[in-house]
Amino acid sequence: MDYQFLCHRHKVQLSEHLEAAGPIWSSWMRQGKASLAEGELAQAVQYFGCAFDLALMKVERFTGHAEHDGKRHIDRLLEAVSALAKGLAMSGHLALRREYLGKVCAVLQREQQRTPLLADRLPQPDDAIGLMFNAGWVTTPAADTRQHLN
C-alpha cells in the first residue's frame, strides 16, 4: 500500500516553495499534538501524516546538499513518523503503522548511502525505528488502561 496524506495538488504547491515550508510542518505537528490531547485521533493522524509527507519531501530534495540541514530534515521526519505511528496505533491501524515505520527505515538506509559525509551523523535505521517498533504499549486517551500493540 502506498498511502499519502497530502493530495497531489498540495504536494505540488508545497514542492514549489519547499525551502520555506518549515513553519507549515511545525504548525501541523502542533495541531496534531493538540488533536491527540483532545482525543481526536483521526484528525491527529491526518495532521501527523501531512507533516510526515512534507518532511519526506524535504529529505528527498535537500538532505544530500548540506550536512546541517540534512540532519534537521531527518530529525523532523523521525519526529513526524513517531507521532504518526503513535496516532495510528491508538486508532488501531497497526498494519499502516508498521508500513510507515518500514518506509522510514528504508529512507534512512538510502540517505546513509546517498550522503556519506552525513551518514555517521544520521540515526541508524535499526536504532531509530527499532525503538518505535518495539514500543509495544500505549495509553489510550479514552481510559487509563494500557493496550499491548504487538
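Each chain carries its own residue numbering, running from 1 in the direction its sequence is written. This being a predicted model, a pLDDT of at least 70 is required before a residue's local features are given, and a value of 80 or more before pairs of side-chain atoms are given or counted; all residues contribute to the totals for chains, interfaces and linings. The side-chain quantities take in all heavy atoms of the structure and omit both hydrogens and water.

This paragraph deals with the overall build of the protein chain. Helices and strands together make up the secondary structure of the protein chain, namely seven helices and two strands. Per the convention used, a helix needs a DSSP run of H or I reaching at least four residues, while a strand needs a run of E reaching at least two, with both numbered from the N terminus. Order of helices (α) and strands (β) in the protein chain, N terminus to C terminus: α-α-α-α-α-α-α-β-β. Think of it in three bands: with a 1.4 Å probe and only protein chains considered, a residue is buried below 20% of the maximum accessible area for its type, exposed above 50%, and partly exposed in between. Relative to its full complement of 150 residues, the protein chain shows a buried share of 45%. Here the contacts in the protein chain between residues at least 6 apart in sequence split such that 63% fall between residues at least 24 apart. For accessible areas, the Shrake-Rupley method is used with a probe of radius 1.4 Å. Any residue's cover is judged against the shown protein chains and nothing else. Accessible surface for the protein chain amounts to roughly 8,100 Å². Of this, 53% is attributable to carbon and sulfur atoms. By definition, residues are in contact when any of their heavy atoms lie within 4.5 Å.

Ring geometry is summarised as follows: Phe, Tyr and Trp rings, the Trp one being its six-membered ring, pair when their centres sit within 6.5 Å, and such pairs are stacked at plane angles under 30 degrees, edge-to-face over 60 and tilted between the two. Applying the stated criterion across every chain yields a total of two aromatic pairs. With a centroid separation of 5.9 Å and 40° between ring planes, the pair formed by phenylalanine 5 and tyrosine 100 is classed as tilted. Note that phenylalanine 5 is positioned in the segment before helix H1 (8-16) and tyrosine 100 in helix H5 (residues 94-114), a separation of 95 residues in sequence. On the basis of relative accessibility, which here comes to 10%, the residue phenylalanine 5 falls in the buried class. Aromatic pair phenylalanine 52 and tyrosine 100: ring centres 5.0 Å apart, planes at 85°, arrangement edge-to-face.

Among the structural elements, lysine 86 can be located in helix H4 (residues 67-90). The exposure class assigned to lysine 86 is partly exposed, which follows from its relative accessible area of 42%. When the C-alpha positions of lysine 86 and alanine 44 are compared, they lie 9.9 Å apart, and in sequence the two are 42 residues distant.

Detailed reading of the predicted coordinates is not advisable wherever pLDDT falls low. Predicted confidence across the protein chain gives a mean pLDDT of 77, with 69% of residues reaching 70 or more. Within the protein chain, no element has a lower average pLDDT than strand E1 (residues 137-139), which sits at 35, and none a higher one than helix H2 (residues 22-37), at 96. The predictor rates its confidence in each residue with pLDDT, a number between 0 and 100.

Looking now at the nonpolar core. In this description, a nonpolar core means a group of buried Ala, Val, Leu, Ile, Met, Phe, Trp, Tyr and Cys residues linked to one another through side-chain atoms lying within 4.5 Å. Within the largest apolar cluster, 38 residues are counted, with the highest numbers of intra-cluster contacts made by Phe52, Leu77, Leu84 and Tyr100. Among the elements of the structure, H2, helix H3 (41-62), H4 and H5 are those that each provide at least two residues to this core. With 13 residues, H3 is the single largest residue contributor to this core. The contact partners of leucine 77, leaving out residues within four places of it in the chain, are Phe52, Ala55, Leu56, Val59, Val104 and Val107.

Over its 22 residues, H3 extends 31 Å from the first C-alpha to the last, a length consistent with the 32 Å expected when each residue adds 1.5 Å. Burial runs high along H3: 16 of the 22 residues are buried. A helix is expected to span 1.5 Å for every residue after the first.

The working definition used for a salt bridge is a side-chain nitrogen of Lys or Arg within 4 Å of a carboxyl oxygen of Asp or Glu. Here the structure, examined in full by the defined rule, presents one salt bridge. The partner of glutamate 79 in a salt bridge is lysine 33, and the shortest N-O contact between them spans 3.3 Å. On the criterion of sequence distance, the pair formed by glutamate 79 in helix H4 and lysine 33 in helix H2 is long-range, its members being 46 residues apart. We classify glutamate 79 as partly exposed; its relative accessible area is 36%.

Quick look at the environment of glutamate 60 now. Along the chain, glutamate 60 turns up in helix H3. By relative accessible area, which is 41% here, glutamate 60 ends up partly exposed. In this structure, the C-alpha to C-alpha distance between glutamate 60 and glutamate 111, residues 51 residues apart in sequence, is 8.5 Å. Excluding residues within four positions of it along the chain, glutamate 60 makes contact with Arg110 and Arg114.

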